[in-house]
Amino acid sequence: MNTIKISLIGLGTVGTGVLQMVMNNQDKVSNITGQNLSVKTIVVHDVNKPRDVDTGDITVTEDLNAIIDDPEIKIVVEVMGGVHPAKEIIAKVLNAKKHVVTANKDLIASAGEELAAIARENHCDLMYEASVAGGIPILRTIVNSFSADNIIEVKGIVNGTTNYILTQMQQHHWKYADALKKAQELGFAESDPTNDVAGIDAAYKMIILSQFSFGTHITMDDMAVEGIQNIQLSDVKQAAAFGYTIKLLGIARRINGGVFAEVGPVLVPLDHPLATINNENNAVMVTGQAVGDTLFYGPGAGGLPTANSVLSDIVSVTKNIVLKTTGNSFNNFQDQVSSAAASEVVYPYYLALKMPDVPGEMLKVTKIMTDIKASFSQIIQTKNPDQTARVVIITHDMSKEQLAQLTERLRQTQTIELLAAYKVMDKG
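The structure displayed is predicted, hence computed values, not measured ones.

The rules behind each value
- Residues numbered from 1 in each chain as written.
- Predicted model: local features only at pLDDT ≥ 70, side-chain atom pairs only at ≥ 80, totals over all residues.
- Heavy atoms only, no water.
- Core = buried A, V, L, I, M, F, W, Y, C linked by side-chain atoms within 4.5 Å.
- Buried < 20%, exposed > 50% of the residue type's maximum accessible area, 1.4 Å probe, protein only.
- Helix = DSSP H or I, 4+ residues; strand = E, 2+ residues; numbered from the N terminus.
- Contact = heavy atoms within 4.5 Å.
- Pairing = 2+ DSSP bridges.
- Expected span 1.5 Å × (residues − 1).
- Polar contact = N/O pair within 3.5 Å; in protein donor to acceptor, adjacent residues only side chain to side chain.
- Axes fitted to C-alpha atoms, helices over the stretch in contact; angles between N-to-C directions.
- Left-handed = near helix turned anticlockwise from the far one by under 90°.
- Nonpolar A, V, L, I, M, F, W, Y, C, P; charged D, E, K, R; others polar.
- Salt bridge = Lys/Arg side-chain N within 4 Å of Asp/Glu carboxyl O.
- Phe/Tyr/Trp six-rings, centres within 6.5 Å; stacked < 30°, edge-to-face > 60°.
- Lys NZ or Arg CZ within 6 Å of the ring centre and 35° of its normal.

1. Quick notes on the nonpolar core
One finds Ile138, Leu139, Ile165, Leu209, Ile314 and Tyr350 to be the most contacted residues of the largest nonpolar core, which totals 108 residues. The element contributing the most residues to this core is helix H10 (residues 200-214), with 9 residues. Setting aside anything within four residues of it in sequence, one finds Tyr350 in contact with Asp235, Gln238, Phe242, Leu267, Arg390, Val392, Ile393, Ile394, Ala420, Ala421, Tyr422 and Val424. Counting 32 residues, the second-largest nonpolar core is a separate cluster that includes Ile251, Val266, Ala340 and Ile372.

As structure tokens, this is what we get:
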């Protein structure tokens, strides 16, 4: 039986998981592919850093050329993270005629098309299943299982850090700062959690999901991205009273021939499947024209779940090497799709307002809503100790265009402050 030599770039949590899984799953991989897998070289930033994994007779080096110049190495696994220098390193590896597997969502979202072109030029594979939703095999499922269906919408909880924080706020009534601190203590959040809590991580994943679902390349500039930093415990409690839980969702939809994509807090009905996804777990719901709603659930991060997706890609590349079918893009679906107009993106909205507790202020809101041709579904008003009122509204369907008009008109009143404006998922 032949042996496929592999190298790793990076030996952190995911890299360690990949090494362990390659070592522990040799029999099954060999049975599936007819090939043995062997990790020959690992490139790290600091060879002297203490590590919890035994590398045995594997070469551990700081020299990338130990991979580039070695003709025995066929597959390179990049798990170092970040856009630079990962982009330059992967390009160099592909140009050396070596196949690449990566878990790097930031890189794939921002430079995936460029790297895929380099891979095609060199008849190499570039696989990145682990870049979205950790251990959930969502990308390959979209490529294979939805190839004959027309995907209408893909949405989901694709960031475990924010989902953990919101779960604690809902279940234990912790304030945001306390829930974040606990997430950091447990290792679910970085010391600088900005990418997660500001929605940036989820946005990168939605870019990739949109490419696979709709064949279009959306950039960060095309998306509205809002995180969870400003969610108040009072909003979490009020949402629950209305029959909802607040989740940070990525949403991408086909609307009248265009595509809309966004990341932000959404009120999800308590009986909706996504409302039951708690703590650090992820879930992606794909809606096909033929199949309807399908839900894919599992751990969104962590060494072994992510390593499982990486190993799945390694197995796919190994099969392609054996069959001599390397060089095809992971995702071949391409379509010319424009962005949906703001007037076409319609949702009910949850609005939280702060205003002086005096006659006439609520009348201002009512007049503005009438002027923009929007209407209320539910209204709750509570009095604050400082002689102000907190007004919470759930609207009927409004377009993003109407929401923008409402936001500007409220700003012009100079007395009414819009504290929150979150999409509301319809109760079915």
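What follows continues from the structure just given.
2. Looking at the pairing of strand S11 (residues 281-288)
In terms of burial, S11 is largely enclosed, as 8 of its 8 residues are buried. Side chains of S11 alternate between two faces, with Asn281, Ala283, Met285 and Thr287 and Asn282, Val284, Val286 and Gly288 buried alike. For strand S7 (residues 151-157) and S11, the ladder comprises 6 bridges, and the chain directions are antiparallel. Counterpart to Gly156 in the pairing with S11 is Val284. One ladder, built from 8 bridges, connects S11 with strand S12 (residues 292-299); its direction is antiparallel. Bridge pairing in S12 links Gly288 to Gly292.

3. A closer look at helix H7 (residues 160-172)
Taking 1.5 Å of rise per residue, the 13 residues of H7 would be expected to cover 18 Å, and the 18 Å separating its terminal C-alpha atoms lies within 8% of that figure. Among the 13 residues in H7, 10 count as buried, and that is most of the element. Turning to H7, the residues buried within the fold contact S7, helix H8 (176-185), helix H9 (194-197), helix H11 (233-242), strand S9 (244-255) and S11. Among the residues of H7, the N-terminal cap falls to Asn159, whose side-chain oxygen and the backbone nitrogen of Thr161 are separated by 3.2 Å. Where H7 ends, the next residue or the one after it, His173, has phi of about 60°, a positive value.

4. Observations concerning the sheet that holds strand S6 (residues 126-127)
Read from one edge of the open sheet, 6 strands run S3-S2-S1-S4-S5-S6, paired in parallel fashion. Across the chains shown, the open sheet's two edge strands, defined by having one partner strand only, are strand S3 (59-61) and S6. Relative to strand S4 (residues 73-78), helix H12 (residues 303-323) is tilted by about 155°, and along the sheet it contacts strand S1 (3-9), strand S2 (36-43), S4, strand S5 (99-102) and S6.

5. With respect to unusual backbone geometry
Of note, the amide linkage connecting His84 to Pro85 takes the cis form, showing an omega dihedral of 10°. Here Pro85 shows up in the loop between S4 and helix H4 (86-95). Located in the positive-phi region is Asn279, a residue other than glycine, with phi close to 55°. In this fold, Asn279 is placed in the loop between strand S10 (258-269) and S11. For Asn279, a relative accessible area of 27% translates into the label partly exposed. The phi angle at Gln387 is positive, at roughly 65°, despite the residue not being glycine. Looking at the element boundaries, Gln387 is found in the loop between strand S16 (376-383) and strand S17 (388-395). Residue class for Gln387 comes out exposed when judged on its relative accessible area of 52%.

6. Considerations on the packing of helix H13 (residues 361-371) against helix H14 (residues 400-413)
Each pair of packed helices can be described by the angle between their axes along with the distance between the axes. In contact at an axis separation of 10 Å, H13 and H14 are set at 145° when each is read in the N-to-C sense. Considering the relative orientation of H13 and H14, their crossing is right-handed. For the pair formed by H13 and H14, the contact residues are Val365, Ile368, Met369 and Asp371 on the first element and Leu406, Arg409, Leu410 and Thr413 on the second. Residues of the contact of H13 with H14, tallied by class, amount to 5 nonpolar, 1 polar and 2 charged.

7. A closer look at the side chain of Asn282
Within the secondary structure, Asn282 sits in strand S11. Once residues lying within four places of it in the same chain are set aside, the contact partners of Asn282 are Ala133, Ile136, Ile157, Val158, Asn159, Gly160, Ile277, Phe296, Tyr297, Gly298 and Gly300.

8. A word on H11
Those residues of H11 that sit buried are Leu233, Asp235, Val236, Gln238, Ala239 and Phe242. Gly243 occupies a position one or two residues after H11 and carries a positive phi of about 100°.

9. A few points about the pattern of salt bridges
Scanning all chains against the criterion turns up 22 salt bridges. With its nearest N and O atoms 2.7 Å apart, the salt bridge here joins Lys155 to Glu153. Per residue, the accessibility class of Lys155 equals that of Glu153, and both read buried. Put simply, Asp357 and Lys383 hold a salt bridge, and the shortest N to O gap is 4.0 Å. On the criterion of sequence distance, the pair formed by Asp357 in the loop between strand S15 (349-356) and H13 and Lys383 in strand S16 is long-range, its members being 26 residues apart. A cluster of three or more residues bridged by salt bridges with shared partners is formed by Lys5, Lys40, Asp70 and Glu72.

10. Side note on the packing of aromatic side chains
A complete count under the given rule lists 6 aromatic pairs for this structure. Aromatic rings pair up to connect Tyr128, Phe212 and Phe330 into one cluster. Between Lys423 and the ring centre of Tyr347, over which it is positioned, the NZ or CZ distance is 5.9 Å. Lying across the ring of Tyr244, Lys427 places its NZ or CZ 4.6 Å from the centre.

Structural measurements only, silent on function.
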